[in-house]
Each structure stands twice: as C-alpha cells, then as structure tokens.
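# Structural overview
Residues per chain are reported as follows:
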Amino acid sequence: MGTGGADVRPGLHLSFSIWVMIAAHCLRNAKAEISCASCPLPVQLHREELHLDTRGGGGGTTLGPSPLQQIRLELTQITETDRITGLDEGKHAGLSRDVPRSPKDATLDGVSADEALLHRSRALDQTFHRDFHEEQPEIGTAAALQRAKRSGPAVPEFRKSSWEGGDGLNVDSFEGRGGHSGPKLDGQRSGRPEVKSNRDEGRGTGRQEEPKLASSTYALTGDSAHNHAVVYWSGKNSSVILILTKLYDFHIGSVTESTLWRSTDYGSTYERMNDKVGSKTVLSYLYICPTNKRKIMVLTDPEFESSVLVSSDEGASFQKYRLSFYILSLLFHPTQEDWALAYSHDQKLYSSMDFGRKWQLVHEHVTPSRFYWSVSGLDKELDLVHMEAHTPDGNVQYVTCRAQMCTESNRNYPFPGYVDISSLVVQDDYMFIQVPTSGRAKYYVSYKRDPFLQIKLPKYSLPKDLHIVSTDEKQVFAAVQEWNQNDTYNLYLSDTRGIYFTLAMENVKTTRGIGGNQMLDLYEVAGVTGMLIANRRHDSQVKTYITYNKGREWRLLQAPATDIDGNDIHCILPFCSLHLQLQMSENPYLSGTISTKSSAPGIIVATGNIGAELSYNNVGMFISSDAGNSWRQIFEEEHNVWFLDKGGALVAVKQPSVPTRHLWISFDEGRQWTRHSFSPAPLFVDGVLVEAGAENQIMTFFGHFSHRSEWQLIKIDYKSVFSRRCTEEDYQTWHLNNQGEPCVMGQKQIYMKRRPGNYCMLGKDYSRVLSTESCICKAQDFECDYGYERRADGNCRPAFWFNPYTLSKSCSQGQNYFNSTGYRKVVSNNCTKGVKEMYTARRQQCPSRPPRGLSLTTKDDKLTAHLGTNVSFQVHLDEGDSMRTNIQLDFGDGTAVSYSNLSWTEEGIRHVYKAAGIFRVTALAENSLGFDATTLHLHVTCPVEHVQLLAPYVAILHQEVNITAVVWPGHSRTVTYFWWLGNHTEPVITLEGSVSYTFLSEGMHTITVQVSSSNAILQDTRTVAVQEFFKSLLLSFSPNLDEFNPDIPEWRLDVGRVIKKSILQVLDFPEEHLLVAVFPGIPTAAELFLLPNRSQSHSKKSHEEELERVSKIIISALNQNLVEFELKPGVRVIVYITQLTLAPLVDSSPRHSSSAVLMLLSVVLLGLAVFLIYKFKRKIPWINIYAEVNQEKEQEMIGSAGQGDSTPKITLSEFSTSKELMEKELDARIKRGVGNSCESTREIPNCTSV
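What comes next concerns the included structure. All values reported here derive from a predicted model rather than from experimental measurement. (Residues numbered from 1 in each chain as written. Predicted model: local features only at pLDDT ≥ 70, side-chain atom pairs only at ≥ 80, totals over all residues. Heavy atoms only, no water.)

Bringing empty space enclosed by the protein into the picture now. For the largest cavity, the calculated volume is near 170 Å³. Lining the largest cavity are 19 residues; nearest its centre among them are Ile603, Gly647, Gly648, Glu669 and Arg754. Counting residues per element, the ones that place at least two in the lining of the largest cavity are strand S38 (649-654) and strand S47 (747-754). For the lining of the largest cavity, the element with the highest residue contribution is S47, accounting for three residues. A breakdown of the residues in the lining of the largest cavity according to their chemical character gives ten nonpolar, four polar and five charged. (1 Å grid on protein atoms, 1.4 Å probe; cavity = no way out; pocket = protein on both sides within 12 Å on 5 of 7 lines; lining within 4 Å. Points joined across faces, edges and corners; volume = space filled by probe spheres on them. Helix = DSSP H or I, 4+ residues; strand = E, 2+ residues; numbered from the N terminus. Nonpolar A, V, L, I, M, F, W, Y, C, P; charged D, E, K, R; others polar.)

Laid out in structure tokens, this is it:
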C-alpha cells in the first residue's frame, strides 16, 4: 500500500482502540452463556449463543434446532437467541437475515434473496445482532452488517448511479494516495483484470486474459448521518431491492430519523419512498414474508408511534395500521404467508391471520423467543402455537393452543408439570424441556409428539449445562458441560428417539464471541453427510480434528506439503498438523474463518495455521478440494471467500479492516487467482450479497469510502466472466473418500464437478451427485451403544456403572426384546450386510424376573408438599416384569393403594394430605419370584400465619420457667424453632414449640423466637423481669369495661398503663417496680406485680415486709373503690381486688412459710376446679360461662403494662365462639392433645406467672 494507505492506518489503530474500550465497557455485565436458542444451525454452534436453559437460556439447558433459523450476536447482555426475523431497534440495534432451510446452504455466502442491515456508528457504541428465521431453500434472506468509524483522508463522494474515471473523479489520485494501480470502472466500461503473482498479495500466477466485470455504484444521498441500514433483495425472479436507513441514537436508545429506498433495476438506481410511507413517520425495522417475498411489513419506532405498514407489491405501496402494543419480534408461519406471531414489550404474544392488519392476544405472559408455530406432519392443526408461558405464581409451563382460540379452556399442557424458564425448544421431530430440580438437572425429550421421556446421558456425566446443537437426520447432537469442565464441552450423539446419548468427542473448545456469548468450535461441512470438523483441547493444547462418520472416528488434518511459494513444509503427524479457526463472522455477510457450500461438495476454505497446536498468529488461508484429505495454502493473509455460480467459482476479498478496491476470482478450486477492480477508490467493505437471483449473476458490495461518506452500493454483474454454459465435456467425476477409503457413511458417492479452469456457467439445472452405492458394513460403521465405552483395543465394553443384563421393565413374559451387543449403527449410515448382523441388537424372549431397583419419588423430585395440594408419586422399577408385578403404595396417613401392574402408575399416583406432618411413604413391588421395597419421608406443611411467644412477665431467679411459642395454624413436626434466651447470641434450635429455661441473673431479659415453616419465617419477642421474689395481686373491673374491650393486645397495653397510673395515685411506690398485665378475653381481668426496690440497701426480709405493706395499702384502696379511671367521657371504670390470688408472695427461698402453703393449696384447688370443669361441664349449666371465659383468657399471654408487646393483632372474629364447638374442642384436646391440622384454633396455654 502506498502513502495514502499509511495515512489511514494510525487513525484505524486509534479507532480500533476506542472501539475495544467501549466494547469492554459494554461487556461488563454481558452474560456469557450457550443457548440452544429457538432455532440454531445444526452442529454449527459457533454461530449462535445457545441456551436450554436455561437461556437460556438458556440453559439453560439451555436447546437449539437443526436447521439454522436465526442468529444474534450482540455487545449488550444476552440471555437467549431469537429465531425471529427482527427485533425492535429501540431495544436492540439489530439485524435480521432469512437463511435457507437447509443448514448446508446456510453458509452466508449463498445468494438467494438477501437482506442486510448495515451499521455505522461514529460513537462506536455499536451492537451486533443476527436473527435468522426458518425458511425454505432459496427464499429471500436478510442480514445485518455493521461498519465502524474509520479514520483517514476523506475521499470524494459519488452520487451518480454510474460513474466514469474521467467525470467527477480522478481515479489516478486515489492510486497515488495508496490505492493499487488498476482500471477505471463504469456502467458501460469495465477494467481489464490484473494478474498478480507477487508474494505481497499472496496469490499464485493467473491467466493473462480474463473477461471483464461490468459494475455500477450508487450513493444513498443525504443519509451520511444514518448509522444503520436494512437492505432487502429478494433476488429470485425479482429486480426489487429495498433499503431502510436509520439514525439510531445510542444515548436515548431509539431511532430518530429514517429513510426508505427502493430499486427496481437490481440496484442501479434507487427511489426515496418517505412520501409514500409518511414524511414524518420514523421506521425502525423491515420484515419480509418468507413464503411470499412480495409481502413486506415495516414497523414504526414506538417512541413516536406504534404502527405497522403493510405492502403486498414489494414495497410499491403501503397501508398503515395502528397497534395497541409495541412489537419486539415477529415469527412468520412456515407455510401460511398471512400468519404471524408478534411478541410485545410487555411479554404478551399476539397472532395475526391477515398479515398484520388485525391482531389477537394469544397469551398474557410468554418467555421471550420461546414460542413456535406448528410443525407440518406432526401437529394436527396448522395454527397450533407452542409456547413457554408463566403462571400467576411465577412458575413456567409448556402450553399449546390454537392461535385464535387460546382461552384457558382451550389450552393444553403436553408436559404435566413445571419447566425451567427458557428451556422449551420445538424443533423438527423433537421437543425438549428442562425441569426445575434442587439437585441434578433433568432434561426431557418428546419424539414425534410422544409422551416426554427423560434424556439418558452416561450416569456420571453430571451436566452443569446442556445445549442441543442440532436435530437433523433423525438424531440429536448435544453439547454438555460436565461437572469438571469450565471452557470446554463434550459432544454427545443420540439414538433416533433422542433419549440415549453416547460420547462423540471430549473437550471441544469454546470461543467467547464479540457479544460475550460462548461459541462452540464445531463445524458441519456442507454437502457431505456425517463430516464434522472440531477443535479439541487436550493437555492445554488445542488441535483440529475431522470425522467422516459423525464422530465415530476422528483424526488430525494433514498439513500441505509445500507453502504458497512451493517450499517444502516438514510437518509430521501427530506432532505437527494443520489447525483451522472455526468461528463464523459476527457480520453475516462476511464469510468468517471457514466456508463450505452444499452445491460445491468437498471444497473447504478456512483460515488456519500449521504447527503443534491452534494459533491465531501467523495464519493463512487454506483450501481443500477433496473433502479435507489434502490441503493447499492460497493466501498469506486473511480473506473473505464466497462461492459463485453454485460453487463453480470462488471470489475473495481482503478482510474489511482495511479499504480495498480489488477482488480475486478462481475457477480451478483456488489453484490460480485473477484480480479485478470493482471500485474506483479503496472501499471499506461492510458486506457482500452474492448470487441473489436464479438467472442473474449479480453480487452487491456494501460499504463506504470514508466515515463521512454516504452508503455506497456497488453492483457487479459477473456474467461476463463466463464464456458459455457448461456441457457434458466440461465436467469430471470425483469420488468422495476418507484417506483412500471410498465408503463414507456406508456408501460410495460419486460427484460431478466442473473441470478446473473451464470458464463455463453451471446453470440452475446443475446436479452435483452422480451416483451412490451402498457398501458392505464394517466395524467403523458402528458406534458404542448407550452404557458402553470404547476401549484401547477398539471394542465397546460396558462402563463400570452400567449393567448390561438390565432389562426394561416393559419387557413382559412372553414378549421379545432387543438385547444390545454393545454397538449401534451410526444414524444415517447406509451400509448393508457384512458385520451388520453381528453388531445389531438381537431379538430375545423376555425372561421371568423378580422386581429389583424399586425407587419412589415425587413428580417434581421434592420431599416437601403443601397441605391440601395434589402430591404425585412416581414409582420406577429397574428390573422386573411390569405387567406381572403388583405395586402397593402406603401414603403414611392411614391410606394405601394397590395396582395390579406397573403400567397403571405411569401417569403418577396422586394423593392429597389432609394434615401437616412428616409421613413415611412406602412402596412395595411384588411378584411370584420376589419383592422389593423402598421408603420416602415426605414433609407436608402449611404456611405459618402467626406466631405468639408465651412467657411469664416476671420469673423467679434460679427457677426453671416454661416458654412456649404458639403458631397458627397448628403444626406437628414440620416447624423449626430458633430461640434466643437470656441475652445469648447463639440460638437454641428445637422441633418442639416449648423450651425450659432458668434465668441466672436479675433484671430485664429479652426472649426471641423465630419459627421456620415452608418458605416463611416469623418472629415474636418478649421481655421478662427476673427477681428473687415478688408480690402479685389479681384484679377485676366494673362490668362496663367489657363493653369496650376489643380483646386485642394494643388495647390491653393501653388499659394496663391507665390502671398503673390510677394505682400510683393512691400509692407512693416507684413506677418502674410496678407492673400491670391485662388478661385476654372477657370478662376483663388483670394481674398486678410488685417488684422489690433493689436500689435501697435493705435486707431481704425488709424488702419482703415492704412488699407486704404496699400490697395491703393497695388492697385497702381497692376495697374502698379508690382506684378508678375514666375510659372515655362519661365512662368510669372501678378496679377491684379478686378474692383468689395466685401468689400472695413468691419467693425463691426453700423455707415453707404459711403464705407459701396457702399458695400451694390454692394452686391445688385451682387444678381440681379445672378438672371438675372438664369432667362435669355438661351437668353444670353455669359452668359453661366460666369455661368460655377461661378459654378466652387462655388465648394470649398477659400483656404487661410498661413492657413492649409485639403480639400480632388477632381479633375474636378469627376464632369460633359457639359453646357447642367449644365443648367439642375441649373433648378433642383431652383425647388427643394439641391438634395438627392447618385450621386456626384457639389452643394457647395459660402462662400467667406463678
């Protein structure tokens, strides 16, 4: 490059450095995950983020589809891959491209109908998106390309649809400033091709005389400020190209300006369409119907208005329709051109049956990208929608319904249970989900809409993450990250049903993409069935391997014998080999580091290096013309390479980091290259559309001359490079082989190729496969069956964890089963005879067997259940005759069921528990030859609504007191109690609701209890006054107080403070040594506590005498009705002394005073009275009133005035008050003690101080 090129490079370096810093900032919170996505390319996991998630998610399990349906790469946080044709630019500065249905045509160089989104961000705060949706072969595609700010001298901008070197542009000036010398191009006159053999260009010698290229350019005048463009070209039988340019403001996250351009002559000229869509309308995204390319849908930016513009004539006219929601993504039906699903900003899913004119709500809450149209041939209704929907309680379910009839009554649930978010994938013959479990992840698959069955991986694979790579050819590829892996994945292959998986390759390398997502270094070679290339990490080195039989055997790549200059390369296997980069380009219209095409079988072009391991330094471009058996170097620098004329020719352009105006074409599979000029000045190439039509040979370059120029679209008609159409004499045969072995995937395949160097056009009727012939089966046609591993001698032996004699429980006496030989035929292998009979599973008669390996689980694999809900138990039997084995299940609550055979339990055994507790559930399997049993302990809980701590407000020093926590509803053995006692920092943990504790010091002590049940934790706190001795009196009140007693803790605290204040008015006593606790219930009663005044240095006897004196004064005042208070104006309440006192004087000393004897006698009499009440309550009419009063008083511990009370508010209306119910409850308590039902009861022990 000359001087001009040197001037450009420093600016580019600065621009790239700024871009790296911004990208690093944007990626701080990027979530790197592999997501199976809705529809990823089979095996080509490197093209997309995966998630089963499980997003997934992703990861979620995240799962992905066989045909490549869409791709997204972004710098912002990524959670899952969209399969939709586009995204709202307000949320994602995105791109969309429709690709062919066949994964082998989805190499981003095919040119059926194409749509590209070009990005140019001067702020360099860009986001890449690639979204692909499912579509038939040769259907129009859409793509997005991003261009970054370039530094360097400005180049004159061109606004003429065709330009000539002499008018308006001095091409020589560009050559003098660093462009290569070359011809001038215009619409009528093409430059003479140049032959380049110097080593700087890295090409071999070429032909001296080449046909000319006709080209023209068009600049989108006035859109130089726009940093995004969506380009759509149907190509097939159409000359229409649509371009939507936008100014996306990254600061506010929306589109502020837009222009719609339309061309009807393959891009030679364009018409501005803003007047036809509305001059003030701001457009955000362009969608094309995949089944009818004439139908177009354009969305407006929701920041201005929410509308959709619909066209049925390739954009010649539009009709606008208002929307009541914002569309984030669309999914068109694979066969019905007017049907579409729209996902909104508020996670709602809508359907339209008239191409966006009217929309109807399908579901209110759907996971992004987890909705699918029906699959033809599998689903009965064409309008069936599969989706992952959210329930009001936050769970996720797999739901199906018809698009226009999705009411609750019309919804179906194919999987009977909850699934993990972002784990649903509906793809080809398969459906995948992941279920939420607390232990090891469980994945389920449904084959051809059969019931879901659990996926079987090797027993100790213990996946941390699983992603479905592909489901083509009636087999599932899965990438599994196991418990001991961090940046690698193991590749597994399934049987036809997708259930049993075997290892295909260990430690496949992953690469972190520009958006932070992980990409698997695995590539499926297009055009050759069963051929894969993978980069494997082994002993800290990464090497490239190739397989021709779907992973049955892998080998290293043989390096070229000579370099590009013909010098010998001494590279000996296995110490040295060729290693390839297997990443796809973030820009879908650049070829990436590896390219193949189904119409050009055996040709592989890739970036790589030669050495002991994969390296990203000193790389070159390599090509193989014989399906990877031998390789040649074609360039010393990285190039983008596309296939022309159905793979008959190759075109190469330098990487877009530097401007160029030359392209190179080869007609002999990369042996010779000729250079052509396609631009008068160096162009920053943002993307190339190749072979957009069936009959025209046109490729379009998208780019710009400088960061200040408009978008440049250069149309090149390369038809002139072909002299004629090919005839039979122009073809030769090529035999596919694996290092000389002609049988690949069990058959001999002969292809027809154009003879290298012939400049003839293949045409649309070109057929590449000449003949196929089945081969005799050999050992390499068989892989190890599930449970078997290949040993060093090449044979498959049972793994240590696998019992090969285990028979399926469905194998019943008199029936037959297939007994595995340890091998299974590679799926899609077409070999016959030979060793087929030796390796194929043998049909044998099912023997009689006793039951073995009985296991019992709940359907959600949990050991807890909520009271009153359906608990579904599942019984699994490893061995035994399921049709002749009796199953008995004892639920542990007094009920049991029995089934005559195991088939009756397949849907699960349901049971509803009516009481909370821990239940021992026992299963027994028995037949005439033996039995097997298993046990499960199930915790049935109901949430705790209230907790109340019952403790004496005054306790005696060094004497044990009982502390109780009462919960509502009552529980039995399902609640855990955490006690903080005596100001200790560590809790005491019990399963019972009461503890005994001895206080060792006087003063105020805080007691706290926390109750844990289900997922709830409740707490209550009490303060206890601890004294060596104290005095207490029982108080009663005039009846008018009961009329204003709401019986709530706060009222009792307030009344207690008023009582205390009225007593202090007739008594000279320290306020802090007098406590009043009002009892719950009616009639209202209270207890007065007198505590000794320790501040005075008197003897104990003096303190006791002082308390006796004070109590006599209080009793005298109470007897004279001197203690009263005003509850409210006009309502005065008199306080009385209750004749029966529980404790005239409570003392911790061992002496037996007369007062203590009286106290003991009173307690005995009280206990006898309670017993008589319970025993003879029906015979004494008036005693019912006392019992009811006593019961009410038992409901809550005394609230002491002067102390804090955190008791929850509980009103009498929450409890039963009828006398009949009270009597029944008393009877029940005497017989069974405390109940354990989930119903609220009033069973609270009496905890008044003694």
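This is not the end of the story, as more comes after the structure.
Before going further, it helps to examine the packing of aromatic side chains. Counted by the stated rule, this structure contains 32 aromatic pairs. Ring geometry for Phe415 versus Tyr444: centroids 5.5 Å apart, planes at 55°, classification tilted. Remark: Tyr444 occurs in strand S21 (residues 442-447) and Phe415 occurs in the loop between strand S18 (396-402) and strand S19 (425-427); sequence separation between them is 29 residues. The same class applies to Phe415 and to Tyr444, which are both buried. (Phe/Tyr/Trp six-rings, centres within 6.5 Å; stacked < 30°, edge-to-face > 60°. Buried < 20%, exposed > 50% of the residue type's maximum accessible area, 1.4 Å probe, protein only.)

Turning next to the side chain of Thr934. Residue placement: Thr934 occurs in strand S63 (residues 930-941). Classification of Thr934 by relative accessible area gives buried; the value is 17%. Ignoring any residue separated from it by four or fewer positions in sequence, one finds Thr934 in contact with Leu854, Ser855, Leu856, Val921, Thr922 and Ala923. (Contact = heavy atoms within 4.5 Å.)

Of the strand pairs in this sheet, strand S28 (residues 522-524) and strand S29 (residues 532-538) are connected by three bridges, and their pairing is antiparallel. Across the sheet, Tyr523 pairs through a bridge with Ile533, a residue of S29. Of the pairings in the sheet, the one linking S29 to strand S30 (residues 541-547) comprises seven bridges and is antiparallel in character. Paired with His538 across the strands is Gln541, a residue of S30. Two successive antiparallel strands, S29 and S30, enclose a turn made up of two residues, where Asp539 displays a positive phi of approximately 55°. (Pairing = 2+ DSSP bridges.)

Okay, the state of the cysteines next. A covalent bond between the sulfur atoms of two cysteines is what we call a disulfide. For the coordinates displayed, the defined rule picks out six disulfides. Between Cys401 and Cys406 runs a disulfide, and the two sulfur atoms are separated by 1.9 Å. Taking the torsion about the S-S bond as the criterion, the Cys401 to Cys406 disulfide, at about -90°, is left-handed. Take Cys401 and Cys406: they sit in the same class, and that class is buried. Paired through a disulfide, Cys571 and Cys576 show a sulfur-sulfur distance of 1.9 Å. Where Cys571 bonds to Cys576 through sulfur, the torsion about that S-S bond is close to -105°, and the disulfide is left-handed. What makes Cys576 buried here is its relative accessible area of 16%. (Disulfide = S-S within 2.5 Å.)

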